[in-house]
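Overview (structure and organization)
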Amino acid sequence: MQVFVGSYSTKEAEGITLIELNTDSGELKRVSGTEGLDNPSYLTMNSARTRLYVVTETGDRPGNVTSFAVEPASGSLSLQNERSTLGTAACHVILDRDEQFLFVVNYSSGNICLFPVAEDGSVGPMADNVQHTGTGPQTDRQEAAHPHSAIIDPTNEYVTIADLGTDELVQYRINRDAGKLERVRQTAVAPGAGPRHMAYHPNGQLLYVVNELNSTVSVFQVQQNMDLELLQTIRTLPESFTGSSTCAHILVKSCGRFLYASNRGHDSIAVFRISEDGRLELVDIATSGGREPRNFTITPDDRFFLSANQLSDTLVSYWIDQDTGRLLPTGHQIGISKPVCVFVQ
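Let me begin by describing the structure that accompanies this report. Predicted, not measured: the structure shown is a model, and the values here were computed from it.

Let us now look at empty space enclosed by the protein. Under the criterion given, the structure shown has 1 cavity of 30 Å³ or more. Approximately 70 Å³ is the volume attributed to the largest cavity. Taken together, S41, Y42, E57, C91, H148, R196, H197, R294, N295 and V340 form the lining of the largest cavity. Elements supplying a minimum of two residues to the lining of the largest cavity: β4 (40-45), β16 (195-200) and β24 (293-298). Residues belonging to the lining of the largest cavity are distributed by class as follows: 3 nonpolar, 4 polar and 3 charged.

Now for the nonpolar core. Counting residues in each nonpolar core, the largest one holds 26 residues, and the members touching the most others are F4, I16, L52, V65, L102 and V104. Contributing elements (two or more residues each) for this core: β2 (16-21), β4, β5 (51-56), β6 (62-70), β8 (90-95), β9 (101-106), β10 (111-116) and β28 (339-343). If you tally residues by element for this core, the top one is β5, at 4 residues. Membership of the second largest hydrophobic core comes to 20 residues, among which are I94, Y107, V130 and A150.

Before going further, it helps to spend a moment on the side chain of T330. One can find T330 in strand β27 (residues 327-335). At 2.5 Å, the side chain of T330 and the side chain of S317 are in polar contact. Apart from the residues within four sequence positions on either side, T330 is in contact with S25, G26, F304, S317, Y318 and W319.

So, on to the state of the cysteines. Following the criterion strictly, the structure yields 0 disulfides and no others. C91 forms no disulfide, and the closest cysteine sulfur to it belongs to C341, at a distance of 11 Å. When its relative accessible area of 5% is taken as the criterion, C91 is described as buried. A relative accessible area of 1% means that C341 is categorised as buried.

An order of β20-β21-β22-β23 is seen for the 4 strands of this open sheet, with the pairing classed as antiparallel. Bordering the open sheet on either side are β20 (246-252) and β23 (280-287), each of which pairs with just one other strand. Sheet twist, expressed as the mean angle between neighbouring strand axes with direction ignored, is 20°.

With that out of the way, let us pick up unusual backbone geometry. Positive phi is not limited to glycine here, since N156 has a value of about 65°. For N156, a relative accessible area of 9% corresponds to the buried category. Backbone geometry places S215, a non-glycine residue, at a positive phi of 55°. One can find S215 in the loop between β17 (206-211) and β18 (216-222).

Moving on, we get to the sheet that holds β17. Reading across from one edge, β16-β17-β18-β19 is the order of the 4 strands in this open sheet, with antiparallel pairing throughout. The outermost strands of the open sheet, each flanked by one partner alone, are β16 and β19 (228-235). Here the strands of the sheet are splayed against their neighbours by 25° on average, with no regard to which way each runs.

On to the pattern of salt bridges. Considering all chains together, one arrives at 13 salt bridges under this definition. Between R61 and D38 there is a salt bridge; the shortest N-O distance is 3.5 Å. Of the two residues, R61 sits in the loop between β5 and β6 while D38 sits in the loop between β3 (28-34) and β4, which places them 23 residues apart along the sequence. For the salt bridge of R264 with E212, the shortest nitrogen-to-oxygen distance reads 3.1 Å. Of this pair, R264 sits in strand β21 (residues 258-264) while E212 sits in the loop between β17 and β18, placing them 52 residues apart in sequence. Classification of R264 as buried rests on a relative accessible area of 8%. Three or more residues joined by partner-sharing salt bridges are found here, namely R141, R196, E212 and R264.

Take the pairing of strand β13 (residues 158-163) next. Counting buried residues in β13 gives 6 out of 6 residues, a clear majority hidden from the surface. Along β13, one buried face is formed by Y158, T160 and A162 and the opposite face, lined by V159, I161 and D163, is buried too. As judged from the 5 bridges shared by strand β12 (residues 147-152) and β13, these two strands associate in the antiparallel manner. Counted as the bridge partner of I151 is T160 from β13. Adjacent in sequence and paired antiparallel, β12 and β13 are bridged by 5 residues, among which N156 carries a positive phi angle near 65°.

Here we take up the environment of D120. With respect to the secondary-structure elements, D120 resides in the loop between β10 and β11 (128-131). On the basis of relative accessibility, which here comes to 43%, the residue D120 falls in the partly exposed class. With 173 residues separating them in the primary sequence, D120 and P293 have C-alpha atoms 35 Å apart. Not counting residues up to four positions away in its chain, the partners in contact with D120 are R51 and Q80. Side-chain polar atoms of D120 contact the side chain of S122, separated by 2.6 Å.

The subject of this paragraph is the layout of surface pockets. The gaps of empty space that remain are located by a probe, the size of a water molecule, rolled over the atoms. Counted as a void, the largest pocket has a volume near 1200 Å³. Forming the boundary of the largest pocket are 42 residues, of which R97, I151, L251, F343 and Q345 lie nearest the centre. Elements supplying a minimum of two residues to the lining of the largest pocket: β4, β8, β12, β16, β20, β24 and β28. Residues of the lining of the largest pocket, tallied by class, amount to 24 nonpolar, 13 polar and 5 charged.

Thresholds, definitions, all that
Residues numbered from 1 in each chain as written. Predicted model: local features only at pLDDT ≥ 70, side-chain atom pairs only at ≥ 80, totals over all residues. Heavy atoms only, no water. 1 Å grid on protein atoms, 1.4 Å probe; cavity = no way out; pocket = protein on both sides within 12 Å on 5 of 7 lines; lining within 4 Å. Points joined across faces, edges and corners; volume = space filled by probe spheres on them. Helix = DSSP H or I, 4+ residues; strand = E, 2+ residues; numbered from the N terminus. Nonpolar A, V, L, I, M, F, W, Y, C, P; charged D, E, K, R; others polar. Core = buried A, V, L, I, M, F, W, Y, C linked by side-chain atoms within 4.5 Å. Buried < 20%, exposed > 50% of the residue type's maximum accessible area, 1.4 Å probe, protein only. Polar contact = N/O pair within 3.5 Å; in protein donor to acceptor, adjacent residues only side chain to side chain. Contact = heavy atoms within 4.5 Å. Disulfide = S-S within 2.5 Å. Pairing = 2+ DSSP bridges. Axes fitted to C-alpha atoms, helices over the stretch in contact; angles between N-to-C directions. Salt bridge = Lys/Arg side-chain N within 4 Å of Asp/Glu carboxyl O.

Structure representation (structure tokens):
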């Protein structure tokens, strides 16, 4: 199984690494690498696995979204084109469900970009660029709007943006004919929570949000017209833990029974059971296998969990217990410099 990893790197260093996952043992083996991008921090692919889209998380310089053609058998990448995001610290990119549009989120400058996807899979000229404004109570991290991720709803009609700086989930209707994002509403989370990443339940009626700054997960019931009703907020850390830690990523297993969230500082993965009404029950808090688990993924067959540990330069594999959702170490890991995104489809 092919796994792509994005890393913080210079143009001269390998920034995108192709890893082969042995689906019998969980062993991880490097296949190839790609240079030429500054901090290729987040990746996504089309469903046919023929195009890879990457954003560059530059500091105070405008970032880019780049399209690569993927040779399916070998996984080798060929540069197609790139477009400026007209913003700084581009940190997230997703495709809509019809793979007609790309959504790019710029953390530092606070803007969200909409790009059409051309027939050959390349990135078309920017169609829309919306700006977030506002602040939150944590002045060191919420001095301005900081959108951190985007997610498409199951109907493919709306995109929701998690804004860490303003403690809001901001929803836009996708006007496909005009190529525009039409703001619908914003839903507040707890002051100082810092919403970062999101995941839908497979039933499409529940939205889970991991809050970076207060280390919690918020559970929302999705109402008509994408109105969100808060059902629960639950801590991702042990009650006894009093150190410094922030959340990073969140995923729901495709069976809809388990949810995972990562803790950076405590360096762990919180494992939750999802009840029938969508609320969460903590099952386990497992080691991430390294320092600063910034990102992780679950393989399409639901059997393996891969943890990208940024500060220990490792990608670590786990089996997933299908009955309990717990993570079971395979004993395999691979060294990758500053991994910040791991993608498999």
